[in-house]
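Observations on the model geometry
This is what each chain is made of:
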2 protein chains.
Amino acid sequence: MERSNTVFIGRKPVLNYVLACMTLFKSGHGEIVVKARGRSISRAVDVVEVLRNRFIPNAEVVKIEIGTDRIETDDRGPTNVSTIGIHVKV
Amino acid sequence: MERSNTVFIGRKPVLNYVLACMTLFKSGHGEIVVKARGRSISRAVDVVEVLRNRFIPNAEVVKIEIGTDRIETDDRGPTNVSTIGIHVKV
């Protein structure tokens, strides 16, 4: 599955996602992608920083992509939301 | 001055910072840096995306750095906050 190395960041506490990242690394992935949209983008950065500073010191950010997704809303028509993808390698 | 090509993102509307970026480009800077901390990180991504999609189509993101700043608070002792720096070139 293409996305099996991806952690999508939502509104749960940062440590939940840090744990998800560590689980992916432990299951054999050499590189994972932390993805988020809109307000969750700040939390995605928090997740990677906590992962590096507290749990996996040798984890390395290899690439960061930003972009825009177009979302169809029911009431206000299409709207744009920013995205981020942080690629982390061990 | 080292930081004269930097736009620091705070809590103002996105377009205020987009305008600040365009002013820097117009004043002759070939590359600017959009910086933010904590919750403002999402807005920094918004600023760069709006700049590219609506105002300067040939603007290019050349580098994105993330990191952690240690902040001394009066009441709760030191705390960590995530940072981002988005380098944009025309």
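Residues numbered from 1 in each chain as written. Chains lettered and ligands numbered in written order. Predicted model: local features only at pLDDT ≥ 70, side-chain atom pairs only at ≥ 80, totals over all residues. Heavy atoms only, no water.

1. A look at the relation of the copies chain A and chain B
In this structure, two copies of a chain are linked by a rotation about an axis accompanied by a shift along it. For the pair chain A and chain B, the relating rotation is 180 degrees, the translation along its axis is 0.0 Å, and the fit reaches an RMSD of 0.0 Å. The symmetry that links the two subunits is that of a two-fold axis. Within chain A, S42(A) has its C-alpha nearest the rotation axis, a separation of 2.7 Å. Counting the interface residues of chain A, we find that 100% of their copies in chain B are interface residues as well, pointing to one common contact surface. (Least-squares fit on C-alpha atoms with pLDDT ≥ 70 in both. Contact = heavy atoms within 4.5 Å.)

2. Side note on the nonpolar core
General note: in soluble globular proteins, nonpolar side chains tend to be found buried as a group. Counting 48 residues, the largest nonpolar core has I84(A), I86(A), I84(B) and I86(B) as the members making the most contacts within it. Once residues within four sequence positions are removed from consideration, I84(A) is found in contact with V34(A), K35(A), A36(A), I41(A), A44(A), V45(A), I64(A), E65(A), I66(A) and I84(B). (Core = buried A, V, L, I, M, F, W, Y, C linked by side-chain atoms within 4.5 Å. Buried < 20%, exposed > 50% of the residue type's maximum accessible area, 1.4 Å probe, protein only.)

3. Points about the interface of chain A and chain B
Chain A puts 19 residues into the contact, and the matching count from chain B is 19 residues. Together, the buried faces of chain A and chain B total about 1300 Å²; carbon and sulfur atoms form 62% of this surface. The tally of links from chain A across to chain B stands at zero salt bridges. The interface formed by chain A and chain B holds 10 residue pairs in polar contact (both at pLDDT 80 or more) in total. Counting residues per element, the ones that place at least two in the side of chain A that touches chain B are helix 2 (41-55), strand 3 (60-73) and strand 4 (77-89) of chain A. (Buried area = accessible area lost by both parts, 1.4 Å probe. Salt bridge = Lys/Arg side-chain N within 4 Å of Asp/Glu carboxyl O. Polar contact = N/O pair within 3.5 Å; in protein donor to acceptor, adjacent residues only side chain to side chain. Helix = DSSP H or I, 4+ residues; strand = E, 2+ residues; numbered from the N terminus.)

4. Quick notes on the sheet that holds strand 2 (residues 31-37) of chain B
Residue and element names in this part refer to chain B. Read across the sheet, four strands follow the order 1-2-4-3 without closing on themselves; strand pairing throughout is mixed. Each edge of the open sheet is held by one strand with a lone partner, namely strand 1 (6-8) and strand 3 (60-73). With strand direction ignored, the average angle separating the axes of adjacent strands in the sheet is 20 degrees. Sheet topology note: the strand 3/strand 4 (residues 77-89) ladder contains 13 bridges and is antiparallel. What sits directly across from T73, in strand 4, is G77. Against the sheet, helix 2 (residues 41-55) engages strand 2, strand 3 and strand 4, with an angle of about 10 degrees to strand 4. (Pairing = 2+ DSSP bridges. Axes fitted to C-alpha atoms, helices over the stretch in contact; angles between N-to-C directions.)

5. So, helix 2 of chain B
A rise of 1.5 Å per residue sets the reference length of helix 2 of chain B, with its 15 residues, at 21 Å; its end C-alpha atoms lie 21 Å apart and thus fit the reference within 8%. Within helix 2 of chain B the residues assigned to the buried category are I41(B), S42(B), A44(B), V45(B), V47(B), V48(B), E49(B), V50(B) and L51(B). (Expected span 1.5 Å × (residues − 1).)

6. Looking at the side chain of N5(B)
All names here are of chain B. Turning to its location among the elements, N5 is positioned in the segment before strand 1. Reaching out from N5, the side chain makes a polar contact with the backbone oxygen of E31 at a distance of 3.1 Å. Among residues more than four places away in sequence, those in contact with N5 are L24, H29, E31, I32 and V33.

7. Quick notes on the environment of E31(B)
Residue and element names in this part refer to chain B. Among the secondary structure elements, E31 is positioned in strand 2. Spatially, the C-alpha atom of E31 lies 7.2 Å from that of N5, the residues being 26 residues apart in sequence. With near-sequence residues (within four places) excluded, E31 lies in contact with N5, F25, V62, H87, V88 and K89.

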